[in-house]
Amino acid sequence: LFAALAAILLDERLADHAWLAEHTSGLDDVAAVLQTVNIAEYCSIAGVEEALVRTAARRIAAASGVAVFEDLGVQMNRHSTLVSYLEKLVWLLTGNLGHEGSHFAFSGIGGLLRASRKEIAPGAPVSPVAGARIVGGLIPCNVISEEILADDPHRYRAMIVESGNPVSSVADSQKMREAMGRLDVSVCID
């Protein structure tokens with residue numbers, strides 16, 4: 001659904017190109033991927049009528065401000081990293097970052113981390129053990145236990161948890177519990 005929304009924003013020339021030119025780079029690369037999205041098919045897969053998705057995209061683009069709250073439905077689901085990226089792409093394409101009534105600038109520490117030297121594609125970092133793609137400094141939550149429990153010199157040894165409990169919310173609670181016990185340091189902020 002988010003891929004279809006983002007594709008519609010470009011297809012109908014609803015993106016805020018002036019804001020994007022001033023504040024971002026890489027739009028051509030993103031646009032090239034979004035042009036491959038079959039909007040009708042993606043809407044069908046999502047179970048939402050294309051006309052409704054196009055109406056939503058137009059409303060988002062015309063709004064004086066857009067803010068989105070993402071939670072566990074996205075974060076703990078299949079392809080959570082990709083879905084989270086696409087969700088953010090929708091409000092970025094419309095220039096809804098950092099002005100009154102719009103989205104705040106996320107200031108988490110994820111972007112500061114450089115977890116691996118491995119790459120699956122030029123410039124695409126991956127986690128050191130599972131080889132999971134890192135997007136925005138974050139890895140898919142369901143490989144965290146594998147990253148901690150591995151007998152690998154680059155395994156994760158510390159974790160900061162904010163507003164959550166991975167032992168009860170990440171798949172395979174027993175394995176996650178074991179992983180948390182194996183960390184050298186863990187910090188919980190709630």
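Rules and cut-offs
Positions within a chain are numbered from 1, following the residues in the order the chain's sequence is written. Owing to the predicted nature of the model, reporting of local features is limited to residues with pLDDT of at least 70; listing and counting of side-chain atom pairs is limited to 80 or more, with chain, interface and lining totals taken over all residues. Where side-chain values are given, they derive from all heavy atoms of the structure, hydrogens and water being excluded. By the criteria applied, helices consist of DSSP H or I runs no shorter than four residues and strands consist of E runs no shorter than two, each listed in order from the N terminus. Type-normalised accessible area, obtained with a 1.4 Å probe on protein chains alone, sets the label of each residue: buried when under 20%, exposed when over 50%, and partly exposed for intermediate values. Residue contacts are counted whenever heavy atoms from the two residues lie within 4.5 Å of one another. For the area figures, the Shrake-Rupley method with a 1.4 Å probe applies, and any residue is considered shielded solely by the protein chains shown. The definition of a nonpolar core used throughout is a set of buried Ala, Val, Leu, Ile, Met, Phe, Trp, Tyr and Cys residues joined through side-chain atoms within 4.5 Å. Within 3.5 Å is the distance limit for a polar contact, defined as a pair of N or O atoms, with the added protein rule that one can donate a hydrogen and the other accept it, and that residues adjacent in sequence qualify only through two side-chain atoms.

What exactly am I supposed to notice about the overall build of the protein chain here?
Each helix and strand counted, the protein chain has ten helices and four strands in total. N-terminal to C-terminal, the α/β element order of the protein chain is α-α-α-α-α-α-α-β-β-α-β-α-α-β. When burial is assessed residue by residue, the protein chain has 34% of its 190 residues classed as buried. Put simply, 61% of the contacts in the protein chain that link residues at least 6 apart link residues at least 24 apart. Per element, the accessible surface of the protein chain, about 11800 Å² overall, is 54% carbon and sulfur.

Would you mind showing me how to read the nonpolar core here?
When a protein is soluble and globular, its nonpolar side chains tend to lie buried together. Judged by nonpolar contacts, the single largest core of 25 residues is most densely connected at Leu-34, Ile-39 and Leu-93. Sorting the residues of this core by element identifies helix 1 (2–11), helix 2 (17–23), helix 3 (27–34), helix 4 (39–46), helix 5 (50–62) and helix 7 (80–93) as the ones contributing at least two each. When residues in this core are grouped by element, the largest group, eight residues, is from helix 1.

Hey, could you run me through the side chain of Glu-87 in this one?
Within the secondary structure, Glu-87 sits in helix 7. Side chain to side chain, Glu-87 and Lys-88 meet in a polar contact 3.2 Å long. The contact partners of Glu-87, leaving out residues within four places of it in the chain, are Phe-2, Val-68 and Glu-70.

Before we go on, may I ask you to explain unusual backbone geometry in this structure?
A negative phi angle characterises most non-glycine residues, just as the trans form characterises most peptide bonds. Its identity as a non-glycine residue notwithstanding, Arg-13 has a phi of 55 degrees, on the positive side. Inspection of the secondary structure puts Arg-13 in the loop between helix 1 and helix 2. The phi dihedral of Asp-172 falls on the positive side, at around 60 degrees, and the residue is not glycine. What makes Asp-172 partly exposed here is its relative accessible area of 48%.

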